[in-house]
Amino acid sequence: MSVVIRPAVLGDLGTICRLRVQRTAWLSARGSDQWTVAGRGLPIEIFARSVGHCLDSGETWIAEVCGRPAGTITVNDRADQGLWDAEELSDAVIVHYMIVDLRYAGRAVGRQLLAHAGELAREYGRDWVRLDAWTTNTDLHAYYHRAGFQLARIAGPAAEGPSRALFERRTDSWSPVRPDRAPVFTPVHG
């Protein structure tokens, strides 16, 4: 199965929101409050607005299989307050909103999206890919461990949201996708 990762466009916003709703329902059916309003997740309208800003900034990508959307990821250099300190942010890209369509679950789409984040980190001259995960979703924590990430810590009381489990992976732990390209530092957002 070949996965193509392309920049997302504003026309993908509906697909990304559909993926979020699909995955939230799936998680809820398994007893998780991840992304639910009751669990302090963003309501879909606020999620859509946030993703829309990321689309406008060129920070969101779509994974496709046979031309069909199979997943999404947003990568930039920002994090919610209280998660990562300024030094950690200065040397990393941050993963947000990684969602794989349930039809493609278990087919390494998520790992390829994370490898894409690693490639972006390399291009931007950053040494780390970092992310925050829903604190109570231990299955998700195990997924990130299997994907080569290490738990850095659980964020302290300065972090207000429900995603306080902080994971990281060194950029050089992925093989370069395009070894002929020299890393160039470019800020992830303007």
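Structure shown above.
Residues numbered from 1 in each chain as written. Predicted model: local features only at pLDDT ≥ 70, side-chain atom pairs only at ≥ 80, totals over all residues. Heavy atoms only, no water.

### Description of the overall build of the protein chain
Okay, step 1: Scanning the protein chain for helices and strands turns up 5 helices and 7 strands.
Okay, step 2: Each helix (α) and strand (β) of the protein chain, taken in turn from the N terminus, gives the series β-α-α-β-β-α-β-α-β-α-β-β.
Okay, step 3: Scaling as 2.2 N^0.38, a compact globule of 190 residues should have a C-alpha radius of gyration of about 16 Å, and the protein chain matches this with 16 Å.
Okay, step 4: When each of the 190 residues of the protein chain is scored for burial, the buried share is 49%.
Okay, step 5: Put simply, 70% of the contacts in the protein chain that link residues at least 6 apart link residues at least 24 apart. (Helix = DSSP H or I, 4+ residues; strand = E, 2+ residues; numbered from the N terminus. Rg over C-alpha atoms; globule rule 2.2 N^0.38 Å. Buried < 20%, exposed > 50% of the residue type's maximum accessible area, 1.4 Å probe, protein only. Contact = heavy atoms within 4.5 Å.)

### Quick word on the packing of helix 1 (residues 13-29) against helix 2 (residues 44-56)
Okay, step 1: The N-to-C vectors of helix 1 and helix 2 enclose an angle of 135°; their axes lie 10 Å apart at closest approach. Here helix 2 runs oblique to helix 1, going by the angle between their axes. Both helix 1 and helix 2 take part in a crossing whose hand is right-handed. Contacts between helix 1 and helix 2 pair L13, I16, C17, R20 and V21 from the former with I44, F47, A48, V51, G52 and L55 from the latter.
Okay, step 2: Of the residues that constitute the contact of helix 1 with helix 2, the class distribution is 9 nonpolar, 1 polar and 1 charged. (Axes fitted to C-alpha atoms, helices over the stretch in contact; angles between N-to-C directions. Parallel < 35°, antiparallel > 145°, perpendicular 65-115°, else oblique. Left-handed = near helix turned anticlockwise from the far one by under 90°. Nonpolar A, V, L, I, M, F, W, Y, C, P; charged D, E, K, R; others polar.)

### Examining the environment of T36
Okay, step 1: Looking at where T36 falls in the secondary structure, it is placed in the loop between helix 1 and helix 2.
Okay, step 2: A sequence separation of 54 residues divides T36 from S90, and the C-alpha atoms of the two residues are 31 Å apart.
Okay, step 3: With near-sequence residues (within four places) excluded, T36 lies in contact with T24 and G41.
Okay, step 4: A polar contact is formed between the side chain of T36 and the backbone nitrogen of G39, at a distance of 3.0 Å. (Polar contact = N/O pair within 3.5 Å; in protein donor to acceptor, adjacent residues only side chain to side chain.)

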